[in-house]
Amino acid sequence: MGFARACSVALVGVEGVVVEVQADLEPGVAAFTLVGLPDKSLIESRDRVRAAVVNSGAEWPQKKLTVGLSPASVPKSGSGFDLAVAAAVLGAAERIDPAAIADIVMIGELGLDGRVRPVRGVLPAVLAAAEAGYEQVVVPEQTAGEAALVPGISVLGVRSLRQLIAVLCDEPVPEEPADGQGRPDAILAGLLIPGSGLGTGLAPAAARGEGHRPDLADVAGQRRPRQALEVAAAGGHHLLLSGPPGAGKTMLAERLPAILPPLTRKESLEVTAVHSVAGILPPGEPLVARAPYCAPHHSATMQSLVGGGNGIPRPGAVSLAHRGVLFLDEAPEFSGKALDALRQPLESGHVVVARAAGVVRLPARFLMALAANPCPCGRHTLTGAGCECPPSVVRRYQARLSGPLLDRVDLRVEVEPVDRADLLGQGGRGEPTAEVAARVRAARTRAAERLTGTPWTTNSEVPGHELRTRLLAAPGALAEAERDLERGLLTARGLDRVLRVAWTVADLRGAERPDASDVAVALELRTGIQRGAPMGASRR
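Not measured: the values here are computed from a predicted model.

Scoring rules and cut-offs
Residues numbered from 1 in each chain as written. Predicted model: local features only at pLDDT ≥ 70, side-chain atom pairs only at ≥ 80, totals over all residues. Heavy atoms only, no water. Axes fitted to C-alpha atoms, helices over the stretch in contact; angles between N-to-C directions. Helix = DSSP H or I, 4+ residues; strand = E, 2+ residues; numbered from the N terminus. Parallel < 35°, antiparallel > 145°, perpendicular 65-115°, else oblique. Left-handed = near helix turned anticlockwise from the far one by under 90°. Contact = heavy atoms within 4.5 Å. Buried < 20%, exposed > 50% of the residue type's maximum accessible area, 1.4 Å probe, protein only. Pairing = 2+ DSSP bridges. Core = buried A, V, L, I, M, F, W, Y, C linked by side-chain atoms within 4.5 Å. Nonpolar A, V, L, I, M, F, W, Y, C, P; charged D, E, K, R; others polar. Expected span 1.5 Å × (residues − 1).

Caption draft 1: Local environment of the packing of helix 9 (residues 223-235) against helix 20 (residues 433-450). Remark: helix 9 packs on helix 20, axes separated minimally by 8 Å, with the N-to-C direction vectors making an angle of 40 degrees. Relative to helix 20, the element helix 9 is oriented oblique. As helix 9 runs across helix 20, the sense of the crossing is right-handed. Residues Glu230, Ala233 and Ala234 of helix 9 touch helix 20, and the partners they reach there are Val436, Arg439, Val440, Ala443 and Arg444.

Here it is in structure tokens:
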């Protein structure tokens, strides 16, 4: 009787569980049994592994073969177990030394000819292996760069099962020819879900055929919305842009990711892990360094926004926009259930999706930008534009954005139509993205230094209790906000959010703490009521 074991990783959401792949050979009728709660794609690995082993020049054992995946209570899916199953079978057949593979984590899909194909989710799988104490991983050659992002792990990238057998047996490693140049590499098809990178807006500009990157200098006029964008980026505050069609709401939102600071190393690993599992990580770009941008269509379902699907839930738009921007254009056209499902991740920074197959916790700390028209025709706020929507229709349309959802939005800005002078450039071009991004980085650095030693890095994350007890504003600065609270114009959550925005405004102008003018700017940005404070208070 022969026995061997190797290791692989089962992904549950964006978290991994190390799985021991055990192979047992017994005398009897030749058969291949796979146990341990596998799904359909994993059951099919029996045929893939058998063909790959034979076509790699090794002998398939003609005995009763049982392969077990432990722990058996964890659901396992995908084709990433193929490499570990093949190694365990060859170890049980004594083609390779069983001791040589006992502590190696192997991830990869096998082709029928023995080639090792890449799979999604390599980064979170290697992170799980490192946390479990493993020091060696074997992955497909195409994803070796992604696996190497994890410190303290020795990564071996292989092209074929023949190469892996040669390395484990100290034999000369055979050369595997690369695919022909000048045509798409079919072996990378396992990394990308068709159309996902283009549909979510997460693909690089070059991949979308865009040679020009959006710049804030392209936006004509719109001084107040531009400043609101700067405040939103500096503090991580959620933003609502409302106004008639053609005023520039979408242009402004598309330029928001460019003024966000680059991701830190920790944030990059978080974002890369989510994108790798979702199948939207571009080949050749193992690490996401810029804030992502996700703009789902208004016909998106609740499951596509917060995560879901058959079996183990998959990341939704809120997770794809983690550490970046989630833009909901034509927000009132989204279904009410889908919008209200955003309430919990807006507060907690993560989403918990419960399904019959299991409960998954997905990261979802994003900056939400909403764009909305005032009425179905969009001309309600224009003088003499001929809006024919009855008042009841206007009220119902605006009520599609529920009060609890809007209460979580810090900045609500009215985008006015652009006048002729601004449109023709007679008022001069606005500030470019580079200048605004520099101020945003400086404000974020100031906030991070103030919050050193706490679990928070931006003003939008600070709890209200801390703002009222430890991070105090200037004496008398909150008088006007307290009056709005007594009048019912602000909720308790609204007061906390006004304080957070006031701290961001103070950081942008280099002040040690917010004063009455900063609070007035924050109140004006939240309520839309003119407070007499100059909107330029956020500028040096």
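Having put the structure on the table, let's press on.
Caption draft 2: Looking closely at the pairing of strand 8 (residues 136-140). For strand 8, a buried count of four out of five residues is recorded, marking the element as mostly surrounded by other parts of the structure. Relative to strand 8, strand 5 (residues 105-106) runs parallel, the two sharing two bridges. Residue Val105 lies in a different strand from strand 8, and its bridge partner there is Val137.

Caption draft 3: Fine view of unusual backbone geometry. Here the residue pair Ser70 and Pro71 is connected by a cis peptide bond, since its omega of 10 degrees sits within 30 degrees of zero. Within the secondary structure, Pro71 is located in the loop between strand 4 (64-70) and helix 3 (82-92). One non-glycine residue, Glu330, lies in positive phi territory at about 55 degrees. Take Glu330: it is sitting in the loop between strand 12 (325-328) and helix 15 (336-340). A residue is classified by how much of its surface remains accessible, and Glu330, at 27% relative accessible area, is partly exposed.

Caption draft 4: Quick look at the side chain of His237. Within the secondary structure, His237 sits in the loop between helix 9 and strand 10 (239-242). Excluding anything up to four places from it in sequence, His237 contacts Val231, Ala232, Leu367, Asp410, Leu411, Asn459, Ser460, Arg500, Val501 and Thr504.

Caption draft 5: Quick look at the nonpolar core. In this structure, Leu239, Leu256 and Leu525 are the most contacted members of the largest nonpolar core, which totals 46 residues. The next biggest cluster of nonpolar side chains, apart from the first, holds 40 residues, and it includes Phe32, Ala58, Leu90 and Leu168.

Caption draft 6: Geometry of the packing of helix 22 (residues 479-487) against helix 24 (residues 516-527). Between helix 22 and helix 24, the shortest axis-to-axis distance is 8 Å and the interhelical angle comes to 35 degrees. Residues Glu480, Ala481 and Asp484 of helix 22 touch helix 24, and the partners they reach there are Val519, Ala520 and Leu523. Of the residues assigned to the contact of helix 22 with helix 24, the class counts are four nonpolar, no polar and two charged.

Caption draft 7: Spatial organisation of helix 12 (residues 265-278). Here helix 12 contains 14 residues, and its C-alpha end-to-end distance of 20 Å stays within 8% of the 20 Å for a straight helix at 1.5 Å per residue. Most of helix 12 sits out of view: 11 of its 14 residues are buried. Those residues of helix 12 that fall on the buried side of the exposure criterion are Glu267, Ser268, Leu269, Val271, Thr272, Ala273, Val274, His275, Ser276, Val277 and Ala278. Structurally, helix 12 contributes buried residues whose contacts are with strand 1 (2-12), helix 5 (122-131), helix 6 (144-147), helix 14 (317-320) and strand 14 (358-363). The positive-phi residue at the C-terminal boundary of helix 12 is Gly279, with phi of around 80 degrees.

Caption draft 8: Layout of the sheet that holds strand 11 (residues 293-294). With parallel pairing, the five strands of this open sheet are ordered in space as 11-12-15-10-16. Unpaired on one side and paired on the other, strand 11 and strand 16 (411-414) mark the two borders of the sheet. Relative to strand 16, strand 10 runs parallel, the two being bridged by four bridges. Bridged to Ser242 within strand 16 is Glu414. Docked against the sheet, helix 9 engages strand 10, strand 15 (367-372) and strand 16, running at close to 165 degrees with respect to strand 16.

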